[in-house]
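As a plain string of letters, each chain reads:
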Amino acid sequence: MEARDTPRPAPPAGHRLPRLGPLLAAALSCALPGCVDAVTVEEEAPPPALGVRESRTLTLEFLRFDAKRFAKTLTLEELRAIPKPTLEAIWLLDLDISALIENALLGIMYLPPADVEALPPASRNLVGLLNMTPESADLRGTSLEGLLGVGNAVGLPTSKILADLVGAAGNERLIPVEIAAQAVLENLVSTHPNTKARRGPPSSEHPDGIYPVAPRSIPVTLYDVVSDFAGLAEQFGPTPLDPDDPDGPKHPGFIKATSGVKAALDHFTMTVRVNVNALPYKGVDATAADVASVNSTPGQIDTLFDFSEPDWLELNGLAEGLSIGELTMAIPESPMYLPGGTAEEPSPRGDSPVWEQPPWELEHILARAGELRAALIEDHCSSYGPQGTSTSQFEPVEVCIDERGWTEIRVDDSVVLEEPPPPPSYFWDILVEVAQKRLHDGDLAEGDANVEVTVRDVPVGVETDDLVARIKENLANDPAVLEDMAIELNDNAAGDADFYLYQPSTEGGVAGRRDYLYFIAPDDIRKDAAGARVRDYAYENPGFFADAELTEKVSTTEEIDGDALHEKVEVAPGDTLYFEDDEGRRYAIEIGDKPSAHRLSLTLTRIQ
């Protein structure tokens with residue numbers, strides 16, 4: 001960080017008065033009867049910094065300009081001009097994407113035949129798996145191939161046995177789309193680090209600024225809306241599992257690419273109504289030994305918006321029927337073959353190695369889908385005699401599944417089979433074995449069946465009115481997320497103050513009878529044009545002290561006018577205080593006279 005005592009360049013000879021924040025400028029334009037030309041004055045170069053044992057007397061002023069229910073409307077262009085970090089910090093809602101994933105899978109299932117043929121082999125095989133029914137199931141090359149012989153022995157089609165086993169019609173998908181979507185959500189989407197946690201303002205409940213994301217959801221920020229979700233592929237693509245270890249293991253992500261998303265239409269506007277003191281607080285930059293301005297907005301964030309008024313926030317021009325024009329989903333497969341289990345233990349899933357693999361791999365997702373499907377199958381046995389369900393006592397074939405999903409196919413020894421019947425296993429073991437075989441159709445080797453499928457016009461599954469209502473509710477519950485944008489709207493900071501003057505309110509307004517010095521907090525440090533803090537909060541001993549050794553603190557964070565963040569102390573003429581700036585220099589403050597009710601003089605002396 002550049003030292004703050006670096007000599008500052010002199011301002012140009014003709015220098016305008018310190019700039020007003022946009023809110024204040026707009027409010028004044030409404031309050032004044034006519035236009036006033038900008039005033040240009042000559043401004044002297046700032047005074048030099050203090051040396052040790054040097055002093056300077058400064059006068060601070062406390063002024064207010066209260067704007068009540070002032071409406072500020074921002075266009076899409078104006079919002080996009082706000083620094084990206086500021087927009088990204090404004091969390092709007094956790095968007096449930098269950099419908100989006102289900103709609104994407106439906107899009108894959110119903111791809112036109114020509115589009116399916118144009119897919120890479122692995123993706124084409126996935127389409128077949130998602131559409132697999134008892135009648136279309138291809139059991140060749142699996143342990144279930146013996147089931148073909150069982151069916152032939154009693155004159156039954158294999159599809160009949162499979163349909164009875166799962167309780168489905170012959171042309172009904174073995175794995176319904178809702179179950180496939182749930183497995184993808186649980187195993188692929190919800191394991192991604194950026195769907196588990198998001199950043200927000202530090203709070204007592206979340207001092208690290210890390211908040212959990214709602215299950216089955218992705219966090220949406222104002223940047224996502226005004227940029228038409230331009231960062232989806234980056235945000236939900238490959239990402240380190242541990243944010244603190246960028247070179248460690250990665251999650252493969254689940255969104256490969258997106259395009260054609262239109263969240264905010266060209267005429268989109270965002271209107272906020274605020275109650276704000278639009279003037280900055282005047283304070284002291286001890287390093288420069290000069291008066292500086294501190295943005296007054298952070299200290300008012302809890303009273304800035306009147307959430308009891310329904311029009312405190314208005315969003316107009318959001319797209320109706322939000323959808324993604326083109327979405328490419330990617331699911332990796334395991335680099336090794338994973339046989340289905342053949343033992344009941346360990347309970348409740350058995351001994352297949354598929355459960356030990358990363359949850360986002362395709363085989364693990366399919367196993368989870370089979371587990372979810374088995375939970376819907378009632379415990380039952382189906383018996384078969386020659387030519388179908390026999391009316392005789394001889395039923396040599398029995399297919400059973402219990403409440404755990406354990407499946408057994410028993411064949412009487414009197415039935416002659418070329419291949420033995422499939423061994424007992426869990427239902428998901430059967431599904432994984434068949435799926436792995438079919439996934440590699442076309443002579444694909446293990447590890448070469450990663451799938452990528454692009455679908456078009458995928459509905460997100462949320463109504464615009466519901467979206468706006470949830471955004472307003474979330475922002476009202478946590479207005480601190482709007483702090484940075486509010487500062488942007490009322491950007492009136494100048495210089496780098498270490499403390500500032502504040503006069504508490506009374507029932508009749510600001511009386512000017514009590515004067516407090518507030519030590520700055522991290523949020524008071526101004527930002528540059530890119531939205532980054534211009535300096536670190538490097539104060540080792542923030543606050544005010546009664547002694548030069550800084551052992552007896554006299555400031556507290558008592559709540560005044562809703563502010564319980566800043567170290568503050570009441571002062572009166574004749575008081576002496578001590579403090580240390582962010583460069584480790586120590587100063588004495590001698591409180592002088594009050595030239596008027598809202599002004600306070602003080603003498604700053606550098607003592608170390």
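Scoring rules and cut-offs
- Throughout, residues of each chain are indexed from 1 in the direction in which the sequence is written.
- Per-residue local features are limited, in this predicted model, to residues with pLDDT of at least 70; the limit for side-chain atom pairs, both in listing and counting, is 80 or more; totals at the level of whole chains, interfaces and linings are taken over all residues.
- Here the side-chain values reflect all heavy atoms present in the structure, with hydrogen atoms and water set aside.
- Secondary structure elements follow DSSP: runs of H or I of four or more residues count as helices, runs of E of two or more count as strands, with numbering from the N terminus.
- Each residue's exposure class comes from its accessible area (1.4 Å probe, protein chains only) as a fraction of the maximum for that residue type: buried when under 20%, exposed when over 50%, partly exposed otherwise.
- Contact criterion: two residues are considered in contact whenever any of their non-hydrogen atoms come within 4.5 Å of each other.
- DSSP-based pairing: two strands are paired if at least 2 bridges between them are found.
- By definition, disulfides here are pairs of cysteine sulfur atoms that lie within 2.5 Å.
- The pairing test for Phe, Tyr and Trp rings, Trp by its six-membered ring, is centres within 6.5 Å, and the orientation test on the planes gives stacked under 30 degrees, edge-to-face over 60, and tilted for anything in between.
- Whether a charge lies above a ring is judged from NZ of Lys or CZ of Arg, which has to be within 6 Å of the ring centre and within 35 degrees of the ring normal.
- Space inside and on the surface of the protein is sampled on a 1 Å grid over the protein atoms alone, with a cavity defined as a set of points where a 1.4 Å probe fits but cannot get out and a pocket as an open set with protein on both sides within 12 Å along at least 5 of 7 lines; lining residues have an atom within 4 Å of a point.
- Grid points are joined across faces, edges and corners, and a volume is the space filled by probe spheres set on the points.
- Residue classes follow a fixed rule: Ala, Val, Leu, Ile, Met, Phe, Trp, Tyr, Cys and Pro count as nonpolar, while Asp, Glu, Lys and Arg count as charged, and any other residue, Gly among them, counts as polar.
- For a helix, the expected span equals 1.5 Å multiplied by the number of residues minus one.
- The convention used is that axes are lines fitted to C-alpha atoms, helices contributing only their stretch in contact, and that angles between N-to-C directions extend from 0 to 180 degrees.
- Only residues whose relative accessible area exceeds 30% and that form no salt bridge are eligible for patches; like-charged ones are grouped when within 9 Å, while nonpolar side chains (Val, Leu, Ile, Met, Phe, Trp, Tyr) are grouped when within 5 Å.
- Residue-level accessible areas treat just the shown protein chains as cover; the underlying method is Shrake-Rupley with a 1.4 Å probe.
- We define a salt bridge as a contact between a side-chain nitrogen of Lys or Arg and a carboxyl oxygen of Asp or Glu at a distance within 4 Å.
- We score Asp and Glu as negative and Lys and Arg as positive, and we do not count His or the chain ends.
- Where a charge lies is defined by one atom per residue type, namely NZ (Lys), CZ (Arg), CG (Asp) and CD (Glu).
- When describing relative orientation, an angle under 35 degrees is termed roughly parallel and one over 145 degrees roughly antiparallel, while 65 to 115 degrees is termed roughly perpendicular and anything else oblique.
- Handedness of a helix crossing follows the sense of rotation of the near helix relative to the far helix, less than a right angle counterclockwise being left-handed and clockwise being right-handed.

### Structural notes on the environment of R438
For step 1, the next point in the chain: Within the secondary structure layout, R438 lies in helix α14 (residues 427–439).
For step 2, the next point in the chain: We classify R438 as buried; its relative accessible area is 9%.
For step 3, the next point in the chain: Along the primary structure R438 and D138 are separated by 300 residues, whereas in three dimensions their C-alpha atoms are 7.7 Å apart.
For step 4, the next point in the chain: Not counting residues within four places of it along the chain, the set of residues in contact with R438 comprises N125, L129, D138, L139 and R140.

### A closer look at the sheet that holds strand β20 (residues 425–426)
Hydrogen bonds between backbone groups are what pair the strands of a sheet, and the pairing can be parallel or antiparallel.
For step 1, the next point in the chain: Spatially, 4 strands are ordered β17-β18-β19-β20 in an open sheet, and the strand pairing comes out antiparallel. At either margin of the open sheet sits one strand with a lone partner, and together these are β17 (380–384) and β20.
For step 2, the next point in the chain: Relative to strand β19 (residues 406–411), strand β18 (residues 397–401) is paired through 5 bridges, and the arrangement is antiparallel. Bridge pairing in β19 links V397 to V411.

### Looking at the state of the cysteines
For step 1, the next point in the chain: Applying the stated criterion to the full structure yields 1 disulfide.
For step 2, the next point in the chain: Note on cysteine connectivity: C381 is disulfide-linked to C400, with sulfurs 2.0 Å apart. When the S-S torsion is 115°, as for the bridge of C381 with C400, the disulfide is right-handed. Here C381 is found in strand β17, whereas its partner C400 is found in strand β18, with 19 residues between them in sequence.
For step 3, the next point in the chain: In this structure C381 comes out as partly exposed when scored by relative accessible area, which is 45%.

### A word on the packing of aromatic side chains
For step 1, the next point in the chain: Following the criterion strictly, the structure yields 21 aromatic pairs and no others.
For step 2, the next point in the chain: Aromatic side chains F499 and F579 sit 5.3 Å apart centroid to centroid with 75° between the ring planes, which places their arrangement in the edge-to-face category. Separated by 80 residues along the polypeptide, F499 in strand β22 (residues 499–502) and F579 in strand β27 (residues 576–580) bring together distant segments of the chain.
For step 3, the next point in the chain: Judged by its relative accessible area of 0%, F499 falls in the buried class.
For step 4, the next point in the chain: A ring pair is formed by Y500 and Y518, whose centres lie 5.5 Å apart and whose planes are at 35°; its orientation type is tilted. Of this pair, Y500 sits in strand β22 while Y518 sits in strand β25 (residues 515–519), and the two are 18 residues apart along the sequence. When sorted by exposure, Y500 lands in the same class as Y518, which is buried.
For step 5, the next point in the chain: In this structure an aromatic cluster arises from ring pairing among F499, F519, Y537, Y539, F544, F579 and Y587.
For step 6, the next point in the chain: Geometry around W91 places R198 over its ring, the cationic atom sitting 3.8 Å from the centre.
For step 7, the next point in the chain: Across the ring face of W355, the terminal group of R349 is positioned such that the distance to the ring centre comes to 3.8 Å.

### Considering empty space enclosed by the protein
For step 1, the next point in the chain: Using the criterion set out here, one finds 7 cavities of 30 Å³ or more in the structure.
For step 2, the next point in the chain: Reported here for the largest cavity is a volume of approximately 260 Å³.
For step 3, the next point in the chain: Along its surface, the largest cavity is lined by 22 residues, and L126, L130, A180, L362 and L366 are the ones closest to its centre.
For step 4, the next point in the chain: The leading source of residues in the lining of the largest cavity is helix α13 (residues 362–374), at 4 residues.
For step 5, the next point in the chain: Looking at the lining of the largest cavity, its residues break down into 22 nonpolar, no polar and no charged.
For step 6, the next point in the chain: Roughly 150 Å³ of internal volume is contained in the second largest cavity.
For step 7, the next point in the chain: If you trace the second largest cavity, you find 16 residues lining it, with L100, I218, L232, I324 and V460 closest to the centre.
For step 8, the next point in the chain: Elements with a minimum of two residues in the lining of the second largest cavity: α4 (98–109) and β16 (323–331).
For step 9, the next point in the chain: Considering each element in turn, the lining of the second largest cavity owes the most residues, 4 residues, to β16.

### Some words on α14
For step 1, the next point in the chain: Between its first and last C-alpha atoms α14 spans 18 Å; for 13 residues at 1.5 Å apiece the expected length is 18 Å, and the two agree.
For step 2, the next point in the chain: In terms of burial, α14 is a largely internal element, 12 of the 13 residues being buried.

### Focus: the sheet that holds strand β29 (residues 599–606)
For step 1, the next point in the chain: The 4 strands lie next to each other as β3-β29-β28-β27, forming an open sheet whose pairing is antiparallel. A strand with exactly one partner marks an edge of an open sheet, and here the two such strands are β3 (55–61) and β27. Strand after strand, the sheet turns through a mean of 30° between neighbouring axes, direction not considered.
For step 2, the next point in the chain: Sheet topology note: the strand β28 (residues 586–591)/β29 ladder contains 5 bridges and is antiparallel. Across the sheet, residue I591 finds its bridge partner in β29, namely L602.

### Some words on the pairing of strand β14 (residues 290–294)
For step 1, the next point in the chain: Alignment of strand β13 (residues 281–285) against β14, held across 5 bridges, turns out to be antiparallel. Within β14, the residue paired with K282 across the bridge is S293.
For step 2, the next point in the chain: Hairpin connection from β13 to β14: 4 residues lie between these consecutive antiparallel strands, with A289 at a positive phi of about 50°.

### Remarks on unusual backbone geometry
For step 1, the next point in the chain: In the segment running from E345 into P346, the intervening peptide bond is cis, with an omega of 0°.
For step 2, the next point in the chain: If you check the backbone angles, D457 has positive phi at about 55° while not being a glycine.
For step 3, the next point in the chain: Its identity as a non-glycine residue notwithstanding, L550 has a phi of 60°, on the positive side.
For step 4, the next point in the chain: Examined against the element boundaries, L550 turns out to sit in the loop between β25 and β26 (568–571).

### Points about a negative patch on the surface
For step 1, the next point in the chain: On the surface, D242, D244, D245 and D247 cluster together to form a negatively charged patch.
For step 2, the next point in the chain: Along the chain, D244 turns up in the loop between β9 (239–240) and β10 (250–251).

### Looking at the packing of α13 against α14
Packed helices, taken two at a time, are described by their axes: the angle between them and the distance between them.
For step 1, the next point in the chain: Where α13 meets α14, the axes come as close as 8 Å, and the angle between the chain directions of the two elements is 140°. If you check the angle between α13 and α14, you find them oblique. In this structure, α13 crosses over α14, and the sense of that crossing is right-handed. Along the contact surface, α13 presents L362, E363, L366, A367, G370, E371, R373 and A374, while α14 presents F427, W428, L431, V432, A435, Q436 and L439.
For step 2, the next point in the chain: Here the contact of α13 with α14 is built from residues that sort into 10 nonpolar, 2 polar and 3 charged.

### Remarks on the packing of α4 against helix α9 (residues 177–189)
For step 1, the next point in the chain: Look at α4 against α9: their axes get within 9 Å of each other, and the N-to-C directions meet at 120°. As the angle between them shows, α4 and α9 are arranged oblique. Here the hand of the crossing between α4 and α9 comes out right-handed. Note on element contacts: α9 touches α4 through V177, E178, A180, A181, V184, L185 and V189, opposite S98, I101, E102, L105, L106 and M109.
For step 2, the next point in the chain: Along the lines of polarity and charge, the residues of the contact of α4 with α9 split into 10 nonpolar, 1 polar and 2 charged.

### Section: the pattern of salt bridges
For step 1, the next point in the chain: Under the counting rule described, the total for this entry stands at 30 salt bridges.
For step 2, the next point in the chain: Here R368 makes a salt bridge to E371, at a shortest N to O gap of 2.8 Å. Of this pair, R368 and E371 both sit in helix α13, separated by 3 residues, roughly a single helical turn. Each of the two residues, R368 as well as E371, counts as buried.

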